Amino acid sequence: MRRPSWVPEGTDLDKPNAARVYDYYLGGSHNFEVDREMARRAMAMWPELPQIMRSNRAFLRRAVTHLAEQGVTRFLDIGSGIPTFGAVHEIARAIRPGTEVVYVDRDPVAVAHSRLLLQDDPHSAVVQADLRDVEDLLDRPEVAALLAGGEPVAVLLVAVAHFVSDDEDPWKLIATVRDRLPAGSALVLSHASLEARPDQAENHQELYRMTPTPLTMRTREQVTAMFDGFELVEPGVVHLPQWRPDQPGTVGEHPERIAGVAGVGFRP
């Protein structure tokens, strides 16, 4: 197929890519038929997947908006994918022009796409790094510069920690990030919930075992423990639609069907 202008040279257009599949779920245009076909296969197993992904993205928007309104102007988006559809820099700068954002992803395809899209943005940077090698991530020059100077930084781990296995200890990794943050910084986190849809949990995890990024769904208690050292803001760790909805009526009667929980906390 013909390579669109936003696709970097050397990109394999015949294989699906997780970041582009996510973009498709969100209604974006940075995806190909091979990505859409993978998404359709996934939706045949779990029809609510697009709704779940969009609810997760809506949480990201509300959380970034809340933090920007609190005066935060530095964001570290770990596991960012392709920053195209409602990206962090767009949301934050609508409130705080000049906000600095560092996007981090371990996927070279997502990183290459991101660098091409943001090459003319002086206040955004893109880093290829892996949360599981957290010291390397934090020592990258772009990340270190964002953390320097003592200004609060919002760390976004939106739909990321569930791709870290128990053996890799996401709680320790997040604590390492926390200890490098200036006072007043924030953690924004969403995570696939084991309790929300127990009837679908095993099928969902089985689906991701067929990919390079297996999924570990966790309980709300386990996710809440990831905020150790942070002070949770109201309403705490809740189902995705319940975190500060734009309008109470948008939550719906069964928020647990959106199989994820989320929260925001500040470091004292």
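Given the structure is predicted, the values throughout are model-derived calculations rather than measurements.

Re the overall build of the protein chain
Part 1: Check the secondary structure of the protein chain and you find 10 helices and eight strands.
Part 2: Scored against the burial criterion, the 268 residues of the protein chain give a buried share of 53%.
Part 3: Across the protein chain, contacts joining residues at least 24 apart in sequence account for 70% of those joining residues at least 6 apart.
Part 4: About 12200 Å² of surface is accessible on the protein chain, with carbon and sulfur atoms providing 50% of the total.

A closer look at helix α8 (residues 170-179)
Part 1: The element α8 is largely enclosed, with a buried count of seven among its 10 residues.
Part 2: Along α8, the residues classified as buried are Pro170, Leu173, Ile174, Ala175, Thr176, Val177 and Arg178.

Notes on empty space enclosed by the protein
Part 1: Taken as a whole and assessed by the stated rule, the structure comprises two cavities of 30 Å³ or more.
Part 2: Space inside the largest cavity adds up to approximately 40 Å³.
Part 3: Lining the largest cavity we find Ala19, Tyr22, Asp23, Leu26, Arg57, Ser80, Gly81, Ile82 and Thr84.
Part 4: In terms of residue count, helix α1 (residues 18-25) provides more of the lining of the largest cavity than any other element does, three residues in total.
Part 5: Residue composition of the lining of the largest cavity, grouped by class: four nonpolar, three polar and two charged.

Some points on the pairing of strand β1 (residues 74-78)
Part 1: Counting buried positions along β1 yields five of five residues, so the element is predominantly enclosed.
Part 2: Here β1 shows no split at all, with Arg74, Leu76 and Ile78 on one side and Phe75 and Asp77 on the other all buried.
Part 3: Bridge count for β1 against strand β2 (residues 100-105) is five bridges, and the pairing is parallel. Within the sheet, the bridge partner assigned to Leu76 lies in β2 and is Val102.
Part 4: Regarding topology, helix α4 (residues 88-93) serves as the crossover connection from β1 to the parallel β2, and that connection is right-handed.
Part 5: Inspection of the sheet shows β1 paired to strand β4 (residues 154-158) by three bridges, in the parallel sense. Note that in β4 the partner of Asp77 across the bridge is Leu156.

Concerning the environment of His162
Part 1: Relative to the helices and strands, His162 is located in the loop between β4 and α8.
Part 2: Overall, the relative accessible area of 8% leaves His162 in the buried class.
Part 3: Between the C-alpha atoms of His162 and His191, which are 29 residues apart in sequence, the distance is 5.9 Å.
Part 4: Beyond its immediate stretch of four places on either side in the chain, His162 contacts His191, Ala192, Pro214, Leu215, Thr216 and Arg218.

Conventions used here
Residues numbered from 1 in each chain as written. Predicted model: local features only at pLDDT ≥ 70, side-chain atom pairs only at ≥ 80, totals over all residues. Heavy atoms only, no water. Helix = DSSP H or I, 4+ residues; strand = E, 2+ residues; numbered from the N terminus. Buried < 20%, exposed > 50% of the residue type's maximum accessible area, 1.4 Å probe, protein only. Contact = heavy atoms within 4.5 Å. Areas by Shrake-Rupley, 256 points an atom, 1.4 Å probe, with all protein chains shown as cover. 1 Å grid on protein atoms, 1.4 Å probe; cavity = no way out; pocket = protein on both sides within 12 Å on 5 of 7 lines; lining within 4 Å. Points joined across faces, edges and corners; volume = space filled by probe spheres on them. Nonpolar A, V, L, I, M, F, W, Y, C, P; charged D, E, K, R; others polar. Pairing = 2+ DSSP bridges. Right-handed = clockwise from strand over helix to strand, strands pointing away.

Keep in mind these values describe shape, not function.
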